Amino acid sequence: MVSKQRQGGPCCPCAGSHPSNGTKSASKCIRGCKCRQIGRLCTNCGPKGLGRCTNCSAAEDEAKVESPPSQSIDNRTQRCAEEEAKDENPPSQPINETQRCDTQTQREDIAEDDFVQQFFDTAYGDTAARAAHVGPPSEWKSMLVEAFGGKLFRSLYTLPDGNVGREFINTLAELKEKRIQGLVPPEFEFLFKGLVLQRDRHFTKAKDIKVLLKRRMKDFAERKIQELYAEALRCEAQLPKNNHPRTPDQHREFLHFQRLMTAGKVREATRHVTRRFREGGVLDPNAIAEPASKNPDNLTVFEMLKQKHPTATPADPSVFPSKEEAESLAPLPPVIITAEHIRAAARTRLKGSAGPDGIHSTEQQRWLLDYGNPSARLCEAHAASLNQRCNEAVSLDDSWAYLAARGLALDKQPGVRPLGIPHSEFRLEANALILVAGEDVELLLGAENLCGGLRAGLEGGFHAMWKEFEEDPEVEAVFLMDAANAFNRLNREQALAEVRKSWPRAARFIFNAYKGYKMIFVDGTDEILYSEDGCTQGDPIAMLLYGVGVKPLFVVVKEKVAEVFNDKGEKLFQVLFADDSSAAGKLETVLAWVRALVEEGPKYGYFPEPSKSVLVVKEGKEERAREVFAEYPDLEIVSHHRFLGGCIGASAGVEAYVRKKVATWVECVRHLARAAEKFPQSAYVAFTMSLQSEWKFLQRLIPGSSAWFGELNDVIKREFIPALLARRQFSEAEMELFELPVRWGGLGILDPTK
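Keep in mind it's a predicted model, so treat the numbers as computed, not measured. (Residues numbered from 1 in each chain as written. Predicted model: local features only at pLDDT ≥ 70, side-chain atom pairs only at ≥ 80, totals over all residues. Heavy atoms only, no water.)

## Focus: the overall build of the protein
Counting its regular elements, the protein contains 30 helices and 11 strands. Counting over 754 residues, the protein shows a buried share of 52%. Long-range pairs, those at least 24 residues apart, make up 71% of the contacts in the protein between residues at least 6 apart in sequence. Here the protein has roughly 34100 Å² of accessible surface; of this, 50% comes from carbon and sulfur atoms. (Helix = DSSP H or I, 4+ residues; strand = E, 2+ residues; numbered from the N terminus. Buried < 20%, exposed > 50% of the residue type's maximum accessible area, 1.4 Å probe, protein only. Contact = heavy atoms within 4.5 Å. Areas by Shrake-Rupley, 256 points an atom, 1.4 Å probe, with all protein chains shown as cover.)

In structure tokens, the structure reads:
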């Protein structure tokens, strides 16, 4: 909300009535609002108006009611800023204004042969930065880079309740409001959170912690940031370092399980107590990557991470849309995000670990939901921030800190999987946008690519492929394609162009997020990685971006296959889930599909690896399959293989796969039974809400598999239920009662054999 001193041509007289300007309540647009009459997005009124005014003066609006303006929101913002500059009482100049990205200068510098920037300039009114950040370094930027790099933000206090917590939330919301207006540097939000909440080993009592936080907030308000930074470095250095793994202890393990359950992390707690947390765990970046067969050069995990983040690949002009196509696109539609969308995203979608700022998703949820009016104000500030990022071109220098991520290397068993965990507030706002505009991708991709969010899409895709393979005599094989480093090698510029064409409501936000190179800070190293191409695994919007980016590729591939067979109607059935692509049909048809994908894929940043892929063939087709696919001698040809969480192929192989999964779940139930003796309520919730759902999903995928779950049923009845209820024996009637839903007096513990 802009104050009355900064109106510069407000659209109606309700401007300035936000609580931050001293009033008790926020008003809404009056009925005679000129912007409202012509359908223009208005951010100069009410609690949504925490940012700059995006409206022209009322006089200009009246003159153009009959002919609505075609200029973008960004142009209107620039004109409003010019009006403010001409005001008799201009506001104080924004801090670090020299560091702001000058988009107009970039547009003048576009080379004639740079077809990518020409498209972006026409379609977005902005250009790709092709850099990590723009503008000269600043003191605040240097501080934040050091802090994100591991010097700080690793041990933070949980925000206390009461007046101190409410003051903290109010100050954070005020900083966000001022950052949107350009009155404070964008780094201030992150410095405030980390420097105020930095843990001090000498302050452990709740009362003392509140006194400490209150003093730090006062110092930050007085801009004693250098002193607070030095204090935070001292406190972090004095904290005890526990670099030695603890010896296994069952009691400690159960206590950790209980803490996770109390925090609402049901899946994580279940994996911990069933001792599956090491599967796909985090690798030490300084250790030698294993196995040796995939790492002949003895590279460290961090060096492999660097390889997983390649330099940017230029877009292919043969598939990239032209400037003329950009001119034919409709203007970007305005996107309106409200505080209720932010609250809904915080309640239902915000999950995961902390980003570089050290704020975990559960803590972010508390800030947004548990502090009354300050939480409401913070939700309004997030809504205004997201509205700005969805409707305006935000310079990379203003958003580099917001886009930064914490890098992890996960164990792929075998191999290394790169993961970039953004800040919890980035994940919050991305999820809020998905709540509003995600259904566009679901409708766009539908069943063509299941990563678009189609309900029960995985089950539907598995059953469709199962039916084709089992019942259609023309289908001889299913090819399961493996793509190299798929998410990080997606051609980013091509994907941004496709998003502008096919998902315009989210296009501006995604362009602001991916027009430059994201900085990734890896724990345990001093070097910074840069995400120059593709999309970041860990970004909530990455899966949808990937699906939209590769959509035209698989359309072209099907057309290529049809050309090979002269449109003779050769059957080809595709099932896609992000980078996991599969096709079923005759062997020759599938080979044509593979060749087309190998030829066309790199143009879109999709690099197939047939030699590392799998071909599932029907019984008796193995020799012929080797002859047809002779050009791929390393291709693995099998009778069955894992597919979309299930298994497809020969019935004997499918049974062996299910029985192996059942043996794993038997051990999991036994571990959970031991935890039930100590924490029965938590064990019951973990079983019914998480563990039981795992085999129910597999049973829905593979028809008739319930008969192979007898051993698991015995363990549940003989070990888990007695441990849960502290009784040794139960009758068959009682066991049947336990299977009923809770609303009918049962426990909801189902018999897996039924």
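## Focus on empty space enclosed by the protein
A full pass over the atoms with the stated rule returns 6 cavities of 30 Å³ or more. Here the second largest cavity is characterised by a volume of approximately 60 Å³. Contributing to the lining of the second largest cavity are Asn-713, Ile-716, Lys-717, Ile-721, Met-735, Phe-738, Glu-739, Ile-749, Leu-750 and Asp-751. Elements represented by at least two residues in the lining of the second largest cavity include exactly helix H29 (710-725) and helix H30 (732-738). Ranked by residue count, the leading element in the lining of the second largest cavity is H29, at 4 residues. (1 Å grid on protein atoms, 1.4 Å probe; cavity = no way out; pocket = protein on both sides within 12 Å on 5 of 7 lines; lining within 4 Å. Points joined across faces, edges and corners; volume = space filled by probe spheres on them.)

## Describing the side chain of Glu-236
Within the secondary structure layout, Glu-236 lies in helix H10 (residues 225-238). The exposure class assigned to Glu-236 is buried, which follows from its relative accessible area of 8%. For Glu-236, the residues in contact, after removing those within four places along its chain, are Lys-151, Leu-152, Arg-154, Ser-155, Gln-198 and Lys-241.

## Observations regarding the packing of helix H6 (residues 139-151) against H10
At a minimum axis distance of 12 Å, the contact between H6 and H10 shows a crossing angle of 15 degrees. It follows that H6 is roughly parallel to H10 by the angle criterion. In this structure, H6 meets H10 at a crossing whose hand is left-handed. Residues Glu-139, Trp-140, Met-143, Glu-146, Ala-147 and Lys-151 of H6 pack against Ile-225, Gln-226, Tyr-229, Leu-233 and Glu-236 of H10. (Axes fitted to C-alpha atoms, helices over the stretch in contact; angles between N-to-C directions. Parallel < 35°, antiparallel > 145°, perpendicular 65-115°, else oblique. Left-handed = near helix turned anticlockwise from the far one by under 90°.)

## Here's the deal with the nonpolar core
Side chains that are nonpolar tend, in soluble globular proteins, to be buried together. The biggest cluster of nonpolar side chains holds 134 residues, and the ones touching the most others in it are Trp-593, Leu-615 and Phe-629. For Phe-629, the residues in contact, after removing those within four places along its chain, are Phe-479, Leu-587, Val-590, Leu-591, Val-594, Leu-615 and Leu-635. Counting residues in hydrophobic clusters, the runner-up holds 58 residues, among them Leu-480, Val-575, Phe-730 and Ile-749. (Core = buried A, V, L, I, M, F, W, Y, C linked by side-chain atoms within 4.5 Å.)

## Describing the pairing of strand E1 (residues 405-411)
Of all 7 residues making up E1, 6 are buried, and the element is well covered by its neighbours. Two strands pair when backbone bridges link them, and E1 and strand E4 (residues 518-522) are joined in this way by 3 bridges, in the parallel orientation. Looking at E4, one finds that Ala-405 is bridged to Ile-520. The pairing of E1 with strand E2 (residues 416-422) spans 7 bridges and is antiparallel. Opposite Ala-405, over in E2, you have Pro-422 as the bridge partner. (Pairing = 2+ DSSP bridges.)

## Re the pattern of salt bridges
Pairing between side chains becomes possible if they bear opposite charge and their charged atoms approach one another. Inspection of every chain in the model, using the stated rule, returns 49 salt bridges. Lys-518 is the partner of Asp-539 in a salt bridge, and the nearest nitrogen-oxygen pair spans 3.5 Å. Here Asp-539 is found in the loop between strand E5 (528-531) and helix H24 (542-564), whereas its partner Lys-518 is found in strand E4, with 21 residues between them in sequence. Looking at Asp-539, the relative accessible area reads 4%, which means it is buried. A residue is classified by how much of its surface remains accessible, and Lys-518, at 3% relative accessible area, is buried. Between Glu-609 and Lys-612 there is a salt bridge, with its nearest N and O atoms 3.7 Å apart. Classification of Glu-609 as partly exposed rests on a relative accessible area of 22%. A single salt-bridge network, built from bridges that share partners, covers Lys-176, Arg-179, Glu-189, Lys-193, Asp-357 and Glu-425. (Salt bridge = Lys/Arg side-chain N within 4 Å of Asp/Glu carboxyl O.)

## Points about the sheet that holds strand E8 (residues 614-617)
Read from one edge of the open sheet, 5 strands run E6-E7-E3-E8-E9, paired in mixed fashion. Pairing within the sheet leaves two strands with one partner each, and these edge strands are strand E6 (572-577) and strand E9 (636-638). Recorded for the sheet is a direction-independent mean angle of 20 degrees between the axes of neighbouring strands. Alignment of strand E3 (residues 477-481) against strand E7 (residues 580-585), held across 5 bridges, turns out to be antiparallel. Looking at the pairing, Leu-480 lines up with Ser-582 of E7. Strand contacts of helix H20 (residues 457-471): E3, E6, E7 and E8, with the helix running at about 155 degrees to E6, the strand carrying the most contacts. Here H24 sits on the sheet and contacts E6 and E7; the angle it forms with E6, its principal contact strand, is near 165 degrees.

## Quick notes on the pairing of strand E11 (residues 646-649)
Every second residue of E11 is oriented toward a common face, with Gly-646 and Ile-648 on one face and Cys-647 and Gly-649 on the other, all of them buried. When strand E10 (residues 640-643) meets E11, the two strands line up antiparallel, connected through 4 bridges. By the bridge assignment for E11, Phe-643 is matched with Gly-646. Connecting E10 to the next strand, E11, in antiparallel fashion are 2 residues, including Leu-644 with a positive phi near 50 degrees.

## Quick look at the packing of aromatic side chains
For the structure shown, the criterion picks out 29 aromatic pairs. Considering the side-chain rings of Phe-119 and Phe-120, the 6.2 Å spacing of their centres and the 65 degrees angle between planes classify their relative orientation as edge-to-face. Looking at Phe-119, the relative accessible area reads 0%, which means it is buried. Judged by relative accessible area, which is 0%, Phe-120 ranks as buried. A cation sits over an aromatic face here: Arg-389 above Tyr-402, 3.6 Å from the ring centre. The lysine or arginine in question, Arg-743, covers the ring of Trp-744, its NZ or CZ lying 5.3 Å from the ring centre. (Phe/Tyr/Trp six-rings, centres within 6.5 Å; stacked < 30°, edge-to-face > 60°. Lys NZ or Arg CZ within 6 Å of the ring centre and 35° of its normal.)

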